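Observations on chain architecture
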2 protein chains.
Amino acid sequence: MVVEVYSFEEAARTNMTKYDLGGKGYGLVEMTKLGLPVPPGIVITTKMCNEFFKNDKQIWPELKESILAHLNELQKKVGKRFDDPNSPLLVSVRSGAPFSMPGMMDTVLNLGINDKIVEALATKTGDRRFAYDTYRRFVQLFGKIVMGIPGEEFDKILERVKQEVGAKSDLDVKVDGWIEVVKRYKALIKEKTGKDLPQAPIEQLLMAVGAVFNSWWTQRAIEYRKIYKISDELGTAVNIVMMVYGNLDDRSGTGVAFTRDPSSGERKFYGEFLMRAQGEDVVAGIRTPLPVSKLKEMLPDAYATLENIAQKLETHFKDMQDIEFTVEGGKLYMLQTRTAKRTASAAVKIATDMVKEGLISKEEAVLRVEPDQLQRLLYKQIDSNAKVTPLVKGLPASPGAAVGKVVFTVDEARKARENKERIILVRPETTPEDIAGIAAADGVLTSRGGMTSHAAVVTRGMGKPCIVGAEGMKIEMSEGVFRAGNQTVRRGDIITIDGGSGSVFVGEVPLVEPTISGEVSTILGWADGLRRLGVRANADTPEMAAKARENGAAGIGLVRTERMFNAPERLEIVQKMILAGSVEERKKFLDQIEPMQKSDFKQIFRIMKGLPVTVRLLDFPLHEFLPKLEEILPKVAELRVTRKDNRQLEIDEKVLRRVMELKEYNPMMGQRGVRLSLMYPEIYEMQISAIFDAAAELIKEDGATAEIEIMISQVAEAEEFRKAREIVERKANEARTKFKVDVKYKVGTMIETPRAALTASDIAKYADFFSFGTNDLTQATFAFSRDDVEAKFIPFYVDNKILPFNPFETIDAGGVGRLIKIGATEGKRSKPGLKVGICGEHGGDPKSIEFLNETEVDYVSCSPYRVPVARLAAAQASIKHRVQGSSTA
Amino acid sequence: MVVEVYSFEEAARTNMTKYDLGGKGYGLVEMTKLGLPVPPGIVITTKMCNEFFKNDKQIWPELKESILAHLNELQKKVGKRFDDPNSPLLVSVRSGAPFSMPGMMDTVLNLGINDKIVEALATKTGDRRFAYDTYRRFVQLFGKIVMGIPGEEFDKILERVKQEVGAKSDLDVKVDGWIEVVKRYKALIKEKTGKDLPQAPIEQLLMAVGAVFNSWWTQRAIEYRKIYKISDELGTAVNIVMMVYGNLDDRSGTGVAFTRDPSSGERKFYGEFLMRAQGEDVVAGIRTPLPVSKLKEMLPDAYATLENIAQKLETHFKDMQDIEFTVEGGKLYMLQTRTAKRTASAAVKIATDMVKEGLISKEEAVLRVEPDQLQRLLYKQIDSNAKVTPLVKGLPASPGAAVGKVVFTVDEARKARENKERIILVRPETTPEDIAGIAAADGVLTSRGGMTSHAAVVTRGMGKPCIVGAEGMKIEMSEGVFRAGNQTVRRGDIITIDGGSGSVFVGEVPLVEPTISGEVSTILGWADGLRRLGVRANADTPEMAAKARENGAAGIGLVRTERMFNAPERLEIVQKMILAGSVEERKKFLDQIEPMQKSDFKQIFRIMKGLPVTVRLLDFPLHEFLPKLEEILPKVAELRVTRKDNRQLEIDEKVLRRVMELKEYNPMMGQRGVRLSLMYPEIYEMQISAIFDAAAELIKEDGATAEIEIMISQVAEAEEFRKAREIVERKANEARTKFKVDVKYKVGTMIETPRAALTASDIAKYADFFSFGTNDLTQATFAFSRDDVEAKFIPFYVDNKILPFNPFETIDAGGVGRLIKIGATEGKRSKPGLKVGICGEHGGDPKSIEFLNETEVDYVSCSPYRVPVARLAAAQASIKHRVQGSSTA
């Protein structure tokens with residue numbers, strides 16, 4: 001079997017990366033390369049971790065041999081030896097995966113100490129308390145991490161002894177106390193494992209190495225990797241580093257520092273340290289660490305060296321570093337350096353600053369800001385300092401956080417709104433009839449429905465926080481309460497919802513306002529210059545259109561017109577239209593709706609003047625605008641028995657009949673979009689008239705309009721589209737005759753059925769543009785009804801690795817993505833110049849954008865609130881594409 | 001412009017086909033080639049028809065010139081001339097499309113006659129009555145066909161004159177009567193068209209030619225072409241043929257004949273004729289024609305020539321001919337020959353006989369029988385002689401006809417069955433709870449649902465007639481009646497349903513029994529030797545399995561196991577299982593179901609011994625086994641108000657809660673098949689145990705079993721399938737341990753989501769076989785929910801040519817077919833030897849089979865009753881493939 005063990009110096013002469021050496025090892029080796037004061041050490045590569053598991057979790061002879069050989073060299077170099085009372089070598093054993101991973105074994109310090117060496121150390125340093133303090137630290141870490149005894153057991157013993165000796169803190173414990181602690185720790189190990197604490201340092205070392213490897217497959221590590229999509233194949237490296245002692249004397253200490261402020265991004269050296277301490281003391285919170293600036297006063301030389309090194313590291317890595325250091329008797333040692341985590345606003349500031357400082361290019365700066373970080377800057381957030389536990393969790397349907405009083409009905413919502421109260425609308429699920437309530441609310445919470453349920457779609461469009469499908473809560477509308485666990489929340493109680501995480505909290509949780517700084521627009525400006533993909537917004541209202549323009553959208557890629565039918569004052573007319581017995585009667589009611597829709601279009605076109613606006617004609621099936629069967633059916637059944645109100649019964653029976661007629665087994669695949677409209681062309685006709693009238697009026701009044709793009713949905717066959725296009729052209733000619741104004745327009749189709757993608761070359765013959773409806777396309781390609789599967793089994797699928805991610809969030813490249821490629825490529829081949837976009841929710845997802853950047857898609861369209869994210873993600877995709885492109889060129 | 005006009009002799013020197021010459025012209029030209037006695041004539045090709053329409057429906061100068069030139073030659077040849085009293089030429093003008101088409105203009109006889117010529121004819125023949133009879137025939141046909149006056153107007157005049165002269169039949173009308181008729185006909189023409197009957201023969205001729213062309217685009221012709229899928233591009237030819245007179249004297253007559261009996265297929269010369277008659281008299285039914293054998297006695301020479309010619313024609317065309325002839329003064333003329341239409345049983349008999357006679361090959365014989373004809377031999381049919389009008393029409397869900405009393409409930413059905421009554425179950429739609437009623441009924445009629453509704457699928461499986469979605473009827477269950485139009489049909493009334501056409505009749509319509517002859521199996525035997533595609537059957541019960549084997553299936557391609565859950569005595573246990581609160585409780589009920597399913601499997605495996613049986617594990621969502629929301633919701637609402645039965649209310653409320661929990665917005669894309677079973681593996685486990693236990697017991701008892709193929713449905717992702725396969729393998733191992741018998745098995749998947757086809761290469765890694773579920777695949781590819789769209793808009797789509805056909809009947813090559821090709825090809829590339837079938841209903845559709853024959857699909861599976869059709873269609877596809885293949889080679 002291969003063996004890969006290196007001293008830091010050996011490794012420094014190779015080009016190994018963090019994938020070989022792990023993050024920690026890579027930092028140490030790089031610092032060694034730079035000639036910085038790193039304690040000598042050995043690194044065992046990540047590959048050895050995988051070999052270890054192939055070898056039945058045993059360290060094989062060759063590996064052992066190589067470790068020992070390298071140890072020997074190390075001993076020679078530093079003049080210290082394992083188990084040598086005259087000059088004892090102690091080491092730390094540190095894990096180091098390519099990505100930092102909580103849940104894995106971290107570090108065993110002071111390895112090499114034993115009953116003999118502790119006394120030698122006491123003699124050599126003349127500090128017996130130091131020696132036993134060191135020993136007890138080792139026993140505890142080794143017992144816990146390597147031998148698997150729960151940490152609390154050690155804590156209990158320590159507390160007991162502290163009580164017995166009357167010590168308030170660890171600092172009050174004298175040498176005898178530590179001796180007692182060590183004794184009891186060893187007894188604990190014997191009791192729990194049936195084995196003694198190993199005394200031979202080599203045995204300790206090999207056990208620790210095995211423990212690091214094993215920690216790769218602990219449950220917590222596996223789960224962490226799943227959440228952060230880290231491959232299980234990577235493995236962890238092991239670092240064996242000579243101990244230096246921050247707890248040696250008064251000129252010793254240990255600390256962590258950042259080359260800039262990780263919270264604000266400000267360019268200042270930032271960190272904390274403790275004198276007379278070892279690593280874990282700084283984070284343990286027992287003693288309050290000092291700001292690193294104090295070190296300047298206490299150990300000015302060490303501080304100067306540290307500041308200088310920090311600067312060097314930042315220049316070397318071209319990014320903010322998070323470093324660990326120890327000062328032993330006045331001498332500085334570097335124990336770690338890595339790219340520092342930072343807040344969203346710090347990320348943006350640092351990226352722009354570093355460009356100004358000439359440290360990185362604009363491309364690099366654009367890559368430095370995570371799209372999710374950027375998003376976080378654009379919504380109100382739960383204050384990360386708030387320590388709160390959610391009452392219940394649901395699906396995170398629309399991001400941002402909101403606090404408000406619980407209301408259950410549209411009327412309550414409106415009333416509270418008039419009183420300027422903040423409110424959360426709580427419903428089992430919402431329907432078009434609830435629109436006014438949603439509009440009035442600060443946030444929405446439903447116990448049913450998935451990520452494309454009515455509530456989810458409407459609130460995302462409005463940029464309003466929303467949680468759906470919180471199945472752990474039971475709403476009792478009649479009592480005006482909802483229950484979760486054993487808690488009851490009443491109408492008027494304050495709750496907080498976090499639409500980004502799906503968490504619901506009782507009471508008011510502090511929120512932080514979005515902090516949009518000038519640097520955000522700087523970064524986005526750079527991004528705009530670097531991206532291939534266009535970015536538009538999905539916007540259904542003038543407000544959303546304004547937000548889209550404000551956020552830098554290049555147009556509107558999707559105006560859903562359903563809202564123009566179910567706005568509160570219109571729904572009644574629409575219902576009458578649906579109940580109409582003849583075409584003539586239907587047209588009568590459509591004539592009443594037309595001027596309202598014209599006014600909607602006019603507002604949107606005015607705001608978007610000069611930019612394209614894609615209007616999707618009516619897509620929903622008609623029954624969406626009628627009451628639900630579950631509502632009307634018991635109502636009629638009850639009235640039939642009680643005969644309380646025969647007039648109402650008659651009305652309701654008529655509605656019920658129509659609901660039953662229009663009822664569909666699978667409405668998602670029923671009479672929607674183009675299918676509905678070819679049979680009831682008068683509905684499309686009304687909408688098209690409204691569009692052209694609005695545009696013609698605007699041209700007369702303002703001299704300009706938006707660029708009109710009319711979009712037909714649900715197309716599965718070229719002929720469907722061709723027939724629908726005829727209707728558009730007929731109405732366009734009518735408008736031209738009427739207004740004597742030539743309104744330019746395009747007619748295109750959504751590609752949202754698999755067949756549309758597969759027959760794109762036929763459809764393209766008649767189309768000016770395509771827009772992939774990736775929500776519906778994903779549903780049909782998987783045969784997954786999003787409303788049904790997203791709460792019911794997608795989480796189970798992702799947890800069980802049946803799917804790598806939720807395909808409604810990120811485009812499934814192998815299935816849906818393949819259809820997009822077929823559709824875009826064959827569509828453009830059939831009609832050169834065909835414009836191709838996507839308008840499903842994937843348009844705002846960075847991973848999906850990265851995929852789409854590699855296809856012939858021209859633009860994405862997403863929620864106005866996601867536009868900045870999409871602009872950034874599109875730029876990142878282009879940059880990565882160029883890098884990959886050039887590497888293969 | 002091109003001109004294509006030929007004399008029959010000229011045309012006989014070319015290789016033009018019926019696509020150029022039309023069917024009639026082709027027959028005449030071929031007979032001319034063979035030297036048979038055909039009256040001289042001219043043919044104008046089909047191409048001229050298309051040119052005519054391009055030229056604004058005008059005969060252009062060059063065409064007119066060519067017609068006149070050919071007419072001149074004809075006149076020279078026969079020594080007769082238009083408008084020449086000494087030797088007048090009369091002609092017939094006959095249309096001739098490539099395929100015989102009712103609804104188009106047929107024939108104008110005696111063209112060339114006018115006020116002058118009629119007198120000349122009278123003088124020349126010495127028979128004035130004959131002359132005026134001939135004239136009135138011409139005026140009537142020309143007035144009706146060329147000048148567009150409704151035929152009834154002429155009939156009315158004729159009847160009036162007959163009354164006036166006291167004639168009972170046309171034969172009683174004397175010369176003055178005909179003179180009066182001609183006078184009044186001409187007046188009618190003047191009145192209706194404002195024009196006189198043209199007297200110039202050339203004018204008559206050119207008008208008649210234009211009328212033939214125009215008849216190509218009459219409404220009836222267009223509709224006929226749509227129904228029979230004849231291209232609009234073909235156009236019609238025109239034949240101008242010298243008249244010969246079957247009405248000239250006592251040695252004259254006219255008739256039609258078949259070279260074999262078109263009804264039985266028997267090899268005997270068969271036909272009818274009338275003495276002293278012209279063509280239309282034979283079919284008009286005024287005089288009773290004589291059998292052609294009588295001609296032998298009356299005109300032995302003419303008869304001998306005719307019989308000889310008939311034999312020659314059959315040998316020449318290698319198929320039964322339908323011929324028209326006229327004898328003029330003892331001389332025989334052939335006026336038409338074409339391939340004869342025949343009954344289904346005649347088609348089979350003739351095809352097999354002709355092989356025995358050495359006239360055609362087996363391949364040709366197999367191509368001679370239409371799959372639909374074969375199907376008609378296998379079901380009871382409405383007697384084609386019955387003159388009946390349907391009360392209402394629905395979707396033809398399952399073929400065959402049935403007569404029975406109307407029943408509305410399962411109980412009524414069972415009771416009537418016990419009394420040995422024939423019954424038709426009438427329901428708004430059926431559910432699994434109605435199974436016993438369906439089983440008891442002779443046929444099923446529903447007012448809702450599509451071609452995959454419960455009723456449709458179940459009855460097709462049972463080979464029982466069924467009509468679904470008859471939306472024109474309203475069922476009032478409470479009154480025990482249904483209404484359609486203004487008729488009311490009551491419980492117990494007799495109705496007849498024709499599942500092949502979707503027609504419902506009031507009362508008993510006579511039916512004819514299926515006539516399966518030995519020749520059917522001969523043809524099918526030849527077909528089996530010629531086809532590439534295997535044919536299996538979909539069969540859910542032992543009865544269906546037996547039928548499958550009887551009909552020559554090579555195995556079972558789909559056992560749906562839902563019936564094993566919803567059989568009447570099991571449904572209650574299954575419902576308890578679904579209502580169970582824990583896995584343990586669920587398993588308790590599953591344990592009760594397992595022995596029942598084992599017994600089902602054992603029966604099927606025994607019947608299919610040695611052949612493969614593909615068992616699809618549970619596919620339906622659980623709510624399918626609970627009452628419908630529309631039933632339980634008003635029940636609970638009512639009980640809540642009345643409080644009549646609180647115990648029942650409690651039970652119903654529990655059921656309602658579970659129904660609401662399991663309710664899905666789009667169940668077709670919800671928690672079904674593999675998705676359900678990965679979350680509730682105990683259901684699959686029970687089924688797999690039952691399968692292996694059954695097979696192991698059979699091996700022990702009989703020494704053999706069927707070949708077990710276990711199939712997983714709804715797979716969209718390879719990992720889903722891999723996980724399901726693990727369950728199968730675990731249970732297989734358990735069975736092996738338990739029985740010490742090694743049951744061989746395969747595990748495969750349905751490919752019925754677009755994503756499964758698109759990722760077939762991944763899925764194939766774990767699969768032994770694929771079976772395309774083309775019903776669901778079509779639904780998802782179009783995003784058409786069959787139950788919703790098939791009644792609602794597919795008919796509209798087909799009528800308006802948006803779709804060329806219903807894609808649930810015939811595979812849509814461009815979309816669904818493309819996915820099948822991708823799936824089959826990439827699946828086999830990933831795993832050579834992968835077996836690929838289809839088990840959707842397209843498996844029994846000849847057009848779909850022709851498409852599948854060109855893919856890498858290995859077999860089709862269809863209803864046991866369609867197996868013979870599929871065997872035949874698969875052979876025809878192979879033969880056509882070879883012919884096409886060789887023509888391109």
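Structure report, in brief. What you see is a predicted model, and the numbers here were worked out from it, not measured in a lab.

For chain A, the count of helices and strands is 37 helices and 31 strands. For chain A, the C-alpha atoms occupy an extent of roughly 105 × 70 × 55 Å along the three principal directions. With 889 residues in all, chain A has 60% of them scored as buried. Contacts in chain A between residues far apart in sequence, at least 24 positions, make up 68% of those at least 6 positions apart. Element-wise, carbon and sulfur atoms account for 50% of the exposed surface of chain A, whose accessible area totals about 35100 Å². Side-chain charges in chain A split into 127 positive and 125 negative, and the spacing between the mean points of these groups amounts to 1 Å.

Right, let's talk about the interface of chain A and chain B for a bit. Often the size quoted for an interface is simply the accessible area lost on bringing the parts together. Chain A puts 63 residues into the contact, and the matching count from chain B is 63 residues. For the pair chain A and chain B, the summed buried area comes to about 5600 Å², and 61% of that belongs to carbon and sulfur atoms. For the chain A face of the interface with chain B, the top three residues by lost area are A:Tyr665, A:Met669 and A:Lys792, together amounting to 14%. The tally of links from chain A across to chain B stands at 6 salt bridges. Ranked by residues supplied to the side of chain A that touches chain B, first place goes to helix 25 (residues 629–642) of chain A with 8 residues. Across the side of chain A that touches chain B, the residue classes tally to 29 nonpolar, 14 polar and 20 charged.

The next subject is the pairing of strand 14 (residues 401–407) of chain A. All names here are of chain A. For strand 14, a buried count of 6 out of 7 residues is recorded, marking the element as mostly surrounded by other parts of the structure. With 5 bridges joining them, strand 14 and strand 21 (residues 494–498) adopt antiparallel strand pairing. Each bridged residue has a counterpart across the sheet, and for Lys405 the counterpart in strand 21 is Ile494. Sheet analysis places strand 14 next to strand 15 (residues 423–427), joined by 3 bridges and oriented parallel. Paired with Val406 across the strands is Ile424, a residue of strand 15. For the crossover from strand 14 across helix 17 (residues 410–418) to strand 15, the handedness is right-handed.

So, on to the pairing of strand 21 (residues 494–498) of chain B. All names here are of chain B. Along strand 21, 4 of the 5 residues are buried, which leaves the element largely enclosed by surrounding structure. Both strand 21 and strand 22 (residues 503–506) contribute to a ladder of 4 bridges, which runs antiparallel. Residue pairing across strands places Ile497 opposite Val504, the latter belonging to strand 22. With antiparallel pairing between neighbouring strands as the criterion, strand 21 and strand 22 make up a hairpin whose turn holds 4 residues, including Gly502 at a positive phi of roughly 85°.

To continue, consider helix 25 (residues 629–642) of chain B. Between its first and last C-alpha, helix 25 of chain B extends 20 Å over 14 residues, near the 20 Å set by a 1.5 Å rise per residue. Among the residues of helix 25 of chain B, B:Leu629, B:Glu630, B:Ile632, B:Leu633, B:Pro634, B:Val636, B:Ala637 and B:Leu639 are the ones counted as buried. Summarising the contacts, the buried residues of helix 25 of chain B are in contact with helix 25 and helix 26 (646–662) of chain A together with helix 26 (646–662) of chain B. Where helix 25 of chain B ends, the next residue or the one after it, B:Arg643, has phi of about 55°, a positive value.

So, about the relation of the copies chain A and chain B. Superposition of chain A onto chain B requires a rotation of 179° combined with a translation of 0.1 Å along the rotation axis, giving an RMSD of 0.3 Å. Here the symmetry operator amounts to a two-fold rotation axis. Within chain A, the C-alpha atom positioned nearest to the axis of rotation is that of A:Asn666, 2.0 Å from it. Looking at the interface residues of chain A, 100% of them are also at the interface in chain B, so both copies use one shared face.

Time to look at the pattern of salt bridges. Applying the stated rule across the entire model yields 153 salt bridges over all chains. A:Glu562 is paired through a salt bridge with A:Arg616; the nearest N and O atoms lie 3.3 Å apart. Linking A:Glu562 in the loop between strand 25 (556–560) and helix 22 (563–566) with A:Arg616 in strand 26 (residues 612–616), this pair joins segments that are 54 residues apart in sequence. As far as the burial class goes, A:Glu562 and A:Arg616 line up, both buried. Where A:Glu630 meets B:Lys663, a salt bridge forms, and the shortest distance between an N and an O atom there is 3.0 Å.

Turning our eyes to something else, we now look at the packing of helix 6 (residues 128–146) of chain A against helix 8 (residues 175–193) of chain A. Residue and element names in this part refer to chain A. Look at helix 6 against helix 8: their axes get within 9 Å of each other, and the N-to-C directions meet at 20°. Overall, the two elements helix 6 and helix 8 adopt an arrangement that is roughly parallel. Two packed elements cross with a definite hand, and for helix 6 against helix 8 that hand is left-handed. Every residue of helix 8 that contacts helix 6 at Arg128, Arg129, Tyr132, Asp133, Tyr135, Arg136, Val139, Gln140 and Gly143 is listed here: Val175, Trp178, Ile179, Val181, Val182, Tyr185, Lys186 and Ile189.

Residues and elements named next belong to chain B. Strand order in the closed barrel formed by 8 strands is 24-25-26-27-28-29-30-31, and the pairing between neighbours is parallel. Taken over all neighbouring pairs, the strand axes of this sheet differ in orientation by 30° on average, direction set aside. As paired strands, strand 26 (residues 612–616) and strand 27 (residues 707–712) are joined by 5 bridges and run parallel to one another. Residue pairing across strands places Arg616 opposite Met711, the latter belonging to strand 27. In the packing of helix 28 (residues 681–702) onto the sheet, the strands contacted are strand 26, strand 27 and strand 28 (745–751), and the crossing angle to strand 27 comes to about 170°.

So, about the nonpolar core. Within the largest apolar cluster, 172 residues are counted, with the highest numbers of intra-cluster contacts made by A:Phe605 and B:Phe605. Setting aside residues no more than four positions away along its own chain, A:Phe605 makes contact with A:Val613, A:Val615, A:Ile691, A:Ala694, A:Ala695, A:Leu698, A:Thr705, A:Ala706 and A:Ile708. Within the second largest apolar cluster, 71 residues are counted, among which are A:Val108, A:Leu141, A:Val161 and A:Val212.

Applying the stated criterion across every chain yields a total of 40 aromatic pairs over all chains. A ring pair is formed by B:Phe52 and B:Phe53, whose centres lie 5.4 Å apart and whose planes are at 85°; its orientation type is edge-to-face. On the basis of relative accessibility, which here comes to 21%, the residue B:Phe53 falls in the partly exposed class. When the centroid spacing of 6.4 Å and the interplanar angle of 85° are considered together, the rings of B:Phe53 and B:Trp217 count as edge-to-face. Taken together, the positions of B:Phe53 in helix 3 (residues 46–54) and B:Trp217 in the loop between helix 9 (201–215) and helix 10 (219–227) put the pair 164 residues apart, joining distant regions of the chain. Overall, B:Trp217 belongs to the partly exposed group, its relative accessible area being 37%. One aromatic cluster is present, formed by A:Phe782, A:Phe784, A:Phe793, A:Phe796 and A:Tyr797 through successive ring pairs. Positioned over the ring face of A:Tyr859 is A:Arg536, at 4.1 Å from the centre of the ring. In this arrangement the basic side chain of B:Lys331 is found over the ring face of B:Tyr333, its NZ or CZ atom lying 4.8 Å from the centre.

So, how was this worked out
Residues numbered from 1 in each chain as written. Chains lettered and ligands numbered in written order. Predicted model: local features only at pLDDT ≥ 70, side-chain atom pairs only at ≥ 80, totals over all residues. Heavy atoms only, no water. Helix = DSSP H or I, 4+ residues; strand = E, 2+ residues; numbered from the N terminus. Buried < 20%, exposed > 50% of the residue type's maximum accessible area, 1.4 Å probe, protein only. Contact = heavy atoms within 4.5 Å. Areas by Shrake-Rupley, 256 points an atom, 1.4 Å probe, with all protein chains shown as cover. Lys, Arg positive; Asp, Glu negative; His and termini not counted. Charge placed at Lys NZ, Arg CZ, Asp CG, Glu CD. Buried area = accessible area lost by both parts, 1.4 Å probe. Salt bridge = Lys/Arg side-chain N within 4 Å of Asp/Glu carboxyl O. Nonpolar A, V, L, I, M, F, W, Y, C, P; charged D, E, K, R; others polar. Pairing = 2+ DSSP bridges. Right-handed = clockwise from strand over helix to strand, strands pointing away. Expected span 1.5 Å × (residues − 1). Least-squares fit on C-alpha atoms with pLDDT ≥ 70 in both. Axes fitted to C-alpha atoms, helices over the stretch in contact; angles between N-to-C directions. Parallel < 35°, antiparallel > 145°, perpendicular 65-115°, else oblique. Left-handed = near helix turned anticlockwise from the far one by under 90°. Core = buried A, V, L, I, M, F, W, Y, C linked by side-chain atoms within 4.5 Å. Phe/Tyr/Trp six-rings, centres within 6.5 Å; stacked < 30°, edge-to-face > 60°. Lys NZ or Arg CZ within 6 Å of the ring centre and 35° of its normal.

Function cannot be read off these values alone, since they describe shape.
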